[in-house]
Amino acid sequence: MATDTHDGSDILDRARAQVLDRGEGLDEAGILEILRLPDERISEALQLAHDVRMRWCGPEVEVEGIVSLKTGGCPEDCHFCSQSGLFSSPVRAVWLDIPSLVEAARQTAATGATEFCIVAAVRGPDTRLMTQMREGVKAIKEAVDINVAASLGMLSQEQVDELVEMGVHRYNHNLETCRSHFPAVVTTHSWEERWSTLKMVRDSGMEVCCGGILGLGETVEQRAEFAAQLAELDPHEVPLNFLNPRPGTPLEDQPVLDPKDALRAIAAFRLAMPRTIIRYAGGREITLGDLGTRDGLLGGVNAVIVGNYLTTLGRPATEDLALLQELKMPVKALSATL
Amino acid sequence: MSIEHCPRCGRDIADASLHATCAQAMELEPPRYCVQCGRRMKVQVVPTGWSAACVEHGVSSGGTAAATR
């Protein structure tokens, strides 16, 4: 548990003692101080965040590919999402067949990735989707050496148990943003409903993957609230997305997050969660670009999604892997994740 | 006379005023509309590529975003 004392001392000095030396994450007030650092101190914060990552996580980078098993036609109204059937988004409903799913897993493994996350645009899985998952996970495990993760929306306890039985080792369910901002972003379900699914996943023994999207119109105070709430959940992995405003969605005109704010957030989230995998997820290409991507990898990030995302394109995996080699960051091997 | 459609927004590509942001956006997006008829396509993205199917004009495909190095 974080034990900040706010005695007027410099936040980075305090973080050095608390987070780097003792491995205790910053509390919400401390996180907010990081998010409010002036531009000229961002590099110092990133360096500290990098030192924390190296000390408490090690140098390895976990590499993952993600795929959309069921695209589009989602009944929910998450304001950032092009896959909602409620918006005038150009994304049409599509299902991926099992052979293509296995081939996607195979190609992902060939890049050196050890994680493959199967995602569906749903409120929660129905019988058809669970059947597809059962067949798909079985087919992948028979053909490809890769860990399988899933992201299928809100679950019942029975579904959690089924996924465990299938051999899904990690389950993603993003809180997306802090509790106080969530109603401005989603109205068809609640933050608390997401939290319930996450608790069931945590109790089941599956690894918890939970993150969100920065730049949804939240205040900097709400960004700190979000980091603190994630730290309270203590997930195995936190994917950090940066909003990519999608045509036809309510947030299509939202300005892209300033890269300096994105880097402040990367440092802050690492200092909130010293032992957690923090993954570059969607939106880094338009928010950070190449230089910012490098800064984040040297500022607390220790995992990446390679290649394309669910509905948009990403850098070729070879580029990210070349960058990791240049930074002398080894790719986490499969055996190390089991 | 047939027109060519923007693969991102589906509108007439000859009217440049409609596509101020489309070209740049297409660097990180698969096509959504058929260039020949303007229909919305069924698009599947996977980690190493994408495919886009028009009911009238068939399937096109591609890889990831262009390499920057």
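Residues numbered from 1 in each chain as written. Chains lettered and ligands numbered in written order. Predicted model: local features only at pLDDT ≥ 70, side-chain atom pairs only at ≥ 80, totals over all residues. Heavy atoms only, no water.

Asks: Got a sec to walk through the interface of chain B and chain A? Specific residues and values, please.
Replies: Facing the 25 residues of chain B at the interface are 37 residues of chain A. Counting each side, the surface lost to burial between chain B and chain A is near 2500 Å², with a carbon and sulfur contribution of 53%. Close ionic contact of Arg246(A) with Glu29(B) constitutes a salt bridge, the shortest N to O distance being 3.0 Å. Where chain B meets chain A, there are 12 residue pairs in polar contact (both at pLDDT 80 or more). Broken down by secondary-structure element, the contributors of at least two residues to the side of chain B that touches chain A are β1 (42-46) and β2 (49-54) of chain B. Tallied by class, the residues present in the side of chain B that touches chain A amount to 12 nonpolar, 6 polar and 7 charged. (Contact = heavy atoms within 4.5 Å. Buried area = accessible area lost by both parts, 1.4 Å probe. Salt bridge = Lys/Arg side-chain N within 4 Å of Asp/Glu carboxyl O. Polar contact = N/O pair within 3.5 Å; in protein donor to acceptor, adjacent residues only side chain to side chain. Helix = DSSP H or I, 4+ residues; strand = E, 2+ residues; numbered from the N terminus. Nonpolar A, V, L, I, M, F, W, Y, C, P; charged D, E, K, R; others polar.)

Asks: Could you give an account of the layout of surface pockets, naming the residues involved and the relevant values?
Replies: In this approach the atoms are scanned with a rolling probe the size of a water molecule, which exposes any empty space left behind. A volume near 530 Å³ is recorded for the largest pocket. Looking at the largest pocket, it is lined by 19 residues, and the ones nearest its centre are Ile286(A), Gln24(B), Ala25(B), Glu27(B) and Leu28(B). Every element with two or more residues in the lining of the largest pocket is listed here: α10 (284-287) and α11 (289-297) of chain A together with α1 (22-25) of chain B. Among the residues making up the lining of the largest pocket, the classes are represented as 7 nonpolar, 5 polar and 7 charged. (1 Å grid on protein atoms, 1.4 Å probe; cavity = no way out; pocket = protein on both sides within 12 Å on 5 of 7 lines; lining within 4 Å. Points joined across faces, edges and corners; volume = space filled by probe spheres on them.)

Asks: Report on the state of the cysteines, specifying residues and quantitative values.
Replies: Under the criterion given, the structure shown has 0 disulfides over all chains. Lacking any disulfide linkage, Cys210(A) is separated from the closest cysteine sulfur, that of Cys209(A), by 7.4 Å. As a non-bridged cysteine, Cys9(B) has Cys6(B) as the owner of its nearest cysteine sulfur, 3.8 Å distant. (Disulfide = S-S within 2.5 Å.)

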